[in-house]
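Structural overview
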Amino acid sequence: MRLEPRQTIPMWMVLSAPVMAIITALVVCAGLVMWAGEPVLQAYWLLFKGAVGTRFALTETLTRATPMILTGLAAAVAFRAKLWNIGGEGQFYVGALMATWLGSGMVVLPPWLMIPFLLITGALAGGFLLLVPAILKNKLKVDEVVTTLLLNFIVLLFVNFLLEGPLKDPMSMGWPQSASIIDEGVLPGIVSKSRLHLGFFIAMGAAVIVWAIMRFTVWGYEIRAVGFNAAAAAFSGIGVKRTVVLTALLSGGLAGIAGVGEVAGTKGYLTLDLSPGFGYAGIAVAMLAALHPLAVIASALFLAGIYVGADSMSRAINVPTYIADVIVATCVLSVLVSLMLTRFRVRLR
Amino acid sequence: MKQILNLSGISKRFGDLVANDAISLTLGEGEVLALLGENGAGKTTLMNILFGHYMADEGYVEVFGERLPPGQPEAALEAGIGMVHQHFSLADNLSVLENVTLGTESLWSWRQDVKSARTKLATLSKDFGLVVDPDARVVDLSVGERQRVEILKALYREAKILILDEPTAVLTPQESDKLFDTLRSLIDKGMSIIFISHKLHEILKVSDRIAVLRRGKVVAETDTANADRASLAEAMVGRTIHDPKGTPMSPGDTVFELSDVSITADQGLGALNNVNLALRKHEILGLAGVSGNGQQALAALISGQTKPDLGVMTLFGEVLNNPTPASMVHAGIGRIPEDRNSVGVIGEMTVRENMISESRRDRPQSRFGLFDAAAITKRSDQLIEKYDIRCQGAEEETRLLSGGNVQKLILARVLDANPAIILANQPVRGLDVGAIAYVHGKLLEARERGAGILLISEDLDELLALSDRIAVIYHGRLSQPMDTANVTARDIGLIMSGQTEAA
């Protein structure tokens, strides 16, 4: 068996690849549902209903998708430049931490200034966190996969320390959580009686902006050029190291904004379980979207739906919510395989 | 003459491409068969089928009357076929003896029989006049010596048929002559040889019979005694090609200068020692040399990819401080890189995107970091037209273009900026004859317009045909440039191998 590169890749194939991957994943996971002894179709129907079947389900899915769009964009932008940022989780938390520190009373501004202020400072925090691995990569060729991944744990432990100490809310009756974001800094809700907040529109806007940057600007051109072929990019006069640094700021900044949104929009205060792995989920989102910024929206909505739907399904029948993790993981694997199949043709000799 | 090798009706397809189309060839005992053809004519595919690296879709191979099982390199070795590839397959850190015996000994034997291996190698060296020190490490050998080791490897495995793929590509003329002597002595001892090349004069010199391949087919087969250069060239290309000739011009002022420039070997590009070079308007300065003698460092320097450790570079009398690729482009230096596919263009990006890779920050391509799509499209469409780039359109991915068209794209990008000097590093390597004539014509046009061109090449014929002056680089030192009219390939070859200093 051999793989032959295709000369041209038809559009329908590019578009159908993720669809086929999702179907494959659902078929594979049907086996697990059967193993749990429950009817497959009913389980998937309950999952679907739990994700989009009611007004509440839908707003929950959109709420869940909000940080995933942003961390998905963070991964998509970085991976485009072949900067392997696995540290979305850490950048998410420093963004959240910055918003908590500045937003729970230290700075008081009117809402129209306070919200942009928190978003920008959170983005800066996330961006500067990723700057450390980026500079180590530029100067000393340190593998950023290792450094970004390990920084996640450092940040998480640091947040833990702060929540047990300096940032601990004295009114929290001993729980490790911070004081609440002041009212001026809270992202307003956009659907009544739901948790959906302004962050959703911010995330959608970010996707459009990132898409426009990649498509219409010299900067986006340079990011893509460096990712495709750093040697050729350098030869044509692109500052490869400079591009890596700027990409790091953009990528880390997007993940940082995700953290701000969760603190100032969804939860209102900082805890250690603010993120159920949004940073890591962003990698899956970006992969499923084939790194396309607009496809990241669809991809995040889909994966968020799986998570929210699986929660609801597991309350109705005897299939654990962990099925969501398996579905997502299988989806990503099958997307990688199907993307490869769009680029190559399999020949049995 | 006894027929010892018979290729019968070999066809091989890769997707839509027919690499070999019902090729039948024979080789007689004690014969040198030359296989002539352009890049992509199917020579290498055919030899890979013969050697068992590929399986033919149709047809078969017979050696000494026996069918060779397809797809088994071991069987080909066993039958007595030896191959010397264009890029040697030697382990640099092992000795000659170790390289020769590598892979011939059973994994299960307790000890190596070094002594008898040494005796066998010594006998072979003596019998065939292939002198190399068996204990020298390959890394310390010259290219010519390494080739001898490759031939010895085949002889050690008792090859009766030797295939040489473009054996002279890396040799100086003197080393080539030596190789031809060796081949003669191999023939005298009963070997048979297939000699693959696209250099006509060599083939006429060394072979008994010539087969010409074009687009996967044998288009001509003739005894060398009856062959002539012109008809072979036409058979190879399929049409008559007129080599572009430059009109005589008197060179103008010096535009670009290197003064006492040195680069240490630490940069990993090879060293340059005290190089002085002056490039004048309206001239092509050819740079000859066996690869690995400092060309890489010199090219990197002029491309802005590295800085001189000592000495200065000047353009129009101004010192180029802190050169970068971007600053060199802006100063008016056009750069045609050696590796066009992985340095010259980004294969995954479109023709249009590659067209503006050096001018992306200039108006009208972009303003304040925003691209002007209309301006870029207009410009790239114009250049595709003007430089006759064959592609599906500006939106096609560049990796799908042929080598000649990729080079035209790079030429379009470089020449459209009207550079004052041009660095052309191996600009026609691997191109077909038509594309070579096109690239040479464009370089000559640029010279007429007033550009000073530094042409780096390993092909002396190319340098002699195009250059006004030729300098030779050897071990990081540059010879005095010589007027092309007053030198021969032999003179240059002597300097290339370090045997004489330039006057």
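Let us now look at the overall build of chain A. Along its length, chain A carries 13 helices and 2 strands. At 21 Å, chain A has a C-alpha radius of gyration in line with the 20 Å of a compact globule built from 349 residues. Put simply, of all contacts in chain A between residues at least 6 apart along the chain, 78% involve residues at least 24 apart.

Attention now moves to the overall build of chain B. A count of helical and extended segments in chain B gives 17 helices and 23 strands. Computed over its C-alpha atoms, the radius of gyration of chain B comes to 25 Å, within 12% of the 23 Å expected for a compact globule of 503 residues. Seen through its C-alpha atoms, chain B measures out along the principal axes to roughly 70 × 50 × 50 Å. Burial analysis of chain B (503 residues in total) assigns 44% to the buried set. Taking the contacts inside chain B whose residues are at least 6 apart along the sequence as the reference set, 69% of them involve residues at least 24 apart.

In this structure, A:Leu73, A:Val296 and A:Leu303 are the most contacted members of the largest nonpolar core, which totals 185 residues. Here the element with the most residues in this core is helix α12 (residues 293–316) of chain A; it accounts for 13 residues. For this core, the two domains that each supply at least three residues are domain 2 (254–332 + 419–496) and domain 3 (344–406) of chain B. Membership of the second largest hydrophobic core comes to 64 residues, among which are B:Ala76, B:Leu90, B:Val132 and B:Met191.

Moving on, we come to the environment of A:Thr63. Residues and elements named next belong to chain A. Counting through the fold element by element, Thr63 comes out in helix α3 (residues 55–80). The buried category is assigned to Thr63, around which 23 C-beta atoms lie within 10 Å. The residues touching Thr63, leaving out its near neighbours within four places in the chain, are Arg195, Leu196 and Thr266.

For the rest of this paragraph, the subject is the pairing of strand β3 (residues 32–37) of chain B. All names here are of chain B. Taking burial as the measure, the 6 residues of β3 include 6 buried ones, the bulk of the element. The side-chain alternation of β3 yields two buried faces, one formed by Val32, Ala34 and Leu36 and the other by Leu33, Leu35 and Gly37. Bridge count between β3 and strand β9 (residues 209–214): 5 bridges; the pairing is parallel. By the bridge assignment, Leu33 is partnered in β9 with Arg209.

Residue and element names in this part refer to chain B. Taken in spatial order, the 4 strands of this open sheet run β12-β11-β14-β15, and their pairing is antiparallel. In this open sheet, the two edge strands, each paired with only one partner strand, are β12 (272–280) and β15 (318–319). As paired strands, strand β11 (residues 254–263) and strand β14 (residues 310–315) are joined by 5 bridges and run antiparallel to one another. Note that in β14 the partner of Ser259 across the bridge is Val312.

Our focus in this paragraph is the domain arrangement of chain B. Residues and elements named next belong to chain B. The domain architecture assigned to chain B consists of domain 1 (3–237), domain 2 (254–332 + 419–496) and domain 3 (344–406). In this structure, domain 1 and domain 2 have C-alpha centres spaced 34 Å apart. Listed per partner, the contact involves 9 residues of domain 1 and 12 residues of domain 2. Tallied by class, the residues present in the side of domain 1 that touches domain 2 amount to 4 nonpolar, 4 polar and 1 charged.

Further remarks concern helix α4 (residues 114–128) of chain B. Residue and element names in this part refer to chain B. With 15 residues, α4 should cover 21 Å at 1.5 Å per step; its first-to-last C-alpha distance of 21 Å lies within 8% of that length. For α4, the buried fraction is low: 1 of the 15 residues fall into the buried class. Looking at the residues trailing α4, positive phi occurs at Gly129, about 65°.

As a further point, take the interface of chain B and chain A. How big an interface is tends to be stated in terms of accessible area lost as the parts join. Across the contact, 24 residues belong to chain B and 17 residues belong to chain A. Those elements giving two or more residues to the side of chain B that touches chain A turn out to be α10 (325–331), α11 (340–344) and β18 (370–371) of chain B.

Residues and elements named next belong to chain B. Read across the open sheet, the 6 strands follow the order β6-β7-β8-β3-β9-β10; overall the sheet is mixed. Each having just a single partner strand, β6 (81–84) and β10 (217–223) make up the two edges of the open sheet. Going from strand to strand, the sheet's axes swing by 20° on average, the running direction of each strand aside. Against the sheet, helix α1 (residues 43–50) makes contact with β3, β6, β7 (161–165), β8 (192–197) and β9, and its axis sits at roughly 150° relative to β7, the strand it touches most. In this fold helix α5 (residues 143–156) packs onto β6 and β7, with an angle of close to 170° to the strand it touches most, β6.

Residue and element names in this part refer to chain B. Within helix α8 (residues 229–237), burial applies to Leu232, Ala235 and Met236. For α8, the angular spread of buried residues about the axis comes to 100°, placing them on one side. Of the surrounding secondary structure, the elements contacted by the buried residues of α8 are β3, α7 (200–206), β9 and β10.

Here we come to the environment of A:Phe48. Residue and element names in this part refer to chain A. Structurally, the position occupied by Phe48 is in helix α2 (residues 40–53). Look at Phe48 and you get partly exposed, because 16 C-beta atoms sit within 10 Å. Separated by 265 residues in sequence, Phe48 and Met313 have C-alpha atoms that sit 8.6 Å apart. Among residues more than four places away in sequence, those in contact with Phe48 are Gly53 and Gly309.

Okay, the confidence of the model for chain B next. The predicted model of chain B averages 87 in pLDDT, with 98% of residues at 70 or higher. Quick note on the complex model: pTM equals 0.81, ipTM equals 0.86.

Attention shifts here to the packing of α3(A) against helix α10 (residues 240–267) of chain A. Residues and elements named next belong to chain A. The interhelical angle for the contact between α3 and α10, taken along N-to-C directions, is 170°, at an axis separation of 7 Å. Taken together, the axes of α3 and α10 lie roughly antiparallel to each other. Residues Thr63, Thr66, Pro67, Leu70, Thr71, Leu73, Ala74, Val77 and Ala78 of α3 touch α10, and the partners they reach there are Thr247, Leu250, Ser251, Gly252, Leu254, Ala255, Ile257, Ala258, Gly261, Glu262 and Thr266.

Attention now goes to the pairing of strand β1 (residues 3–14) of chain B. Residue and element names in this part refer to chain B. Sheet topology places β1 next to strand β2 (residues 17–28); 8 bridges connect them, and they run antiparallel. Its bridge partner being in β2, Leu5 is matched across the sheet by Leu27. What sits between β1 and β2 in their antiparallel hairpin is a turn of 2 residues, with Gly15 showing a positive phi close to 60°. Of the strand pairs in this sheet, β1 and strand β4 (residues 58–63) are connected by 5 bridges, and their pairing is antiparallel.

On to unusual backbone geometry, then. Residue and element names in this part refer to chain B. For the bond from Arg363 to Pro364, the omega torsion is 0°, close enough to zero to count as cis. Among the secondary structure elements, Pro364 is positioned in the loop between α12 (351–355) and β17 (366–367). The residue Glu158 is not glycine, and still its phi comes out positive at about 60°. Mapped onto the fold, Glu158 is located in the loop between α5 and β7.

Okay, the packing of α3(A) against α12(A) next. Residue and element names in this part refer to chain A. Put simply, α3 and α12 touch, their axes get as near as 7 Å, and they point 135° apart. In this view, α3 runs oblique relative to α12, as classed from their interaxial angle. Relative to α12, α3 is oriented so that their crossing is right-handed. Contacts from Ala57, Glu60, Thr61, Arg64, Ala65, Met68, Ile69, Gly72, Leu73 and Ala76 of α3 reach α12 at Pro293, Val296, Ile297, Ser299, Ala300, Leu301, Leu303, Ala304, Gly305, Tyr307, Val308 and Ser312. Among the residues making up the contact of α3 with α12, the classes are represented as 15 nonpolar, 5 polar and 2 charged.

Residue and element names in this part refer to chain B. Structurally, Ile410 can be placed in helix α14 (residues 403–415). Taking the C-beta count within 10 Å as the criterion, Ile410 has 26 such neighbours and is therefore assigned buried. Spatially, the C-alpha atoms of Ile410 and Ala19 are 27 Å apart, while their sequence positions differ by 391 residues. The contacts of Ile410, once residues within four sequence positions are left out, are Ile336, Arg340, Gly344 and Val345.

Quick notes on the rules
- Position labels on residues start from 1 in each chain and follow its written sequence.
- By the order in which they are written, chains take letters starting at A while ligands take numbers starting at 1.
- In keeping with the model being predicted, local features are shown solely for residues with a pLDDT of at least 70 and side-chain atom pairs are shown and tallied solely at 80 or more, while totals for entire chains, interfaces and linings include all residues.
- Here a helix means four or more residues in a row that DSSP labels H or I, a strand means two or more in a row labelled E, and each is numbered from the N terminus.
- The globule rule used for comparison is 2.2 Å times the number of residues to the exponent 0.38, while the radius of gyration itself is calculated over C-alpha atoms.
- Once C-beta atoms are placed from the backbone, any two residues with those atoms within 7 Å are in contact.
- Here exposure depends only on C-beta density: within 10 Å of a residue's C-beta, 20 or more other C-beta atoms make it buried, 12 or fewer make it exposed, and intermediate numbers make it partly exposed, the C-beta atoms being placed from the backbone.
- The nonpolar core is taken to be a set of buried Ala, Val, Leu, Ile, Met, Phe, Trp, Tyr and Cys residues joined by way of C-beta atoms within 7 Å.
- In this document the domain limits rely on a domain assignment from an automatic tool or a database.
- At least two bridges found by DSSP between two strands is the condition for calling them paired.
- Amino acid classes used here: Ala, Val, Leu, Ile, Met, Phe, Trp, Tyr, Cys and Pro are nonpolar; Asp, Glu, Lys and Arg are charged; the rest, including Gly, are polar.
- Working rule for helices: expected span equals 1.5 Å times residues minus one.
- For helices, the fitted axis covers only the stretch in contact; all axes are lines through C-alpha atoms, and the angles between them, taken along N-to-C directions, range from 0 to 180 degrees.
- Arc definition: directions from the helix axis to the C-beta atoms.
- For every residue, the predictor reports its confidence as pLDDT, a number between 0 and 100.
- In these notes the angle categories are as follows: under 35 degrees is roughly parallel, over 145 is roughly antiparallel, 65 to 115 is roughly perpendicular, and the rest is oblique.
- For any helix crossing, the convention is left-handed if the near helix is rotated counterclockwise from the far helix by under a right angle, and right-handed if that rotation is clockwise.

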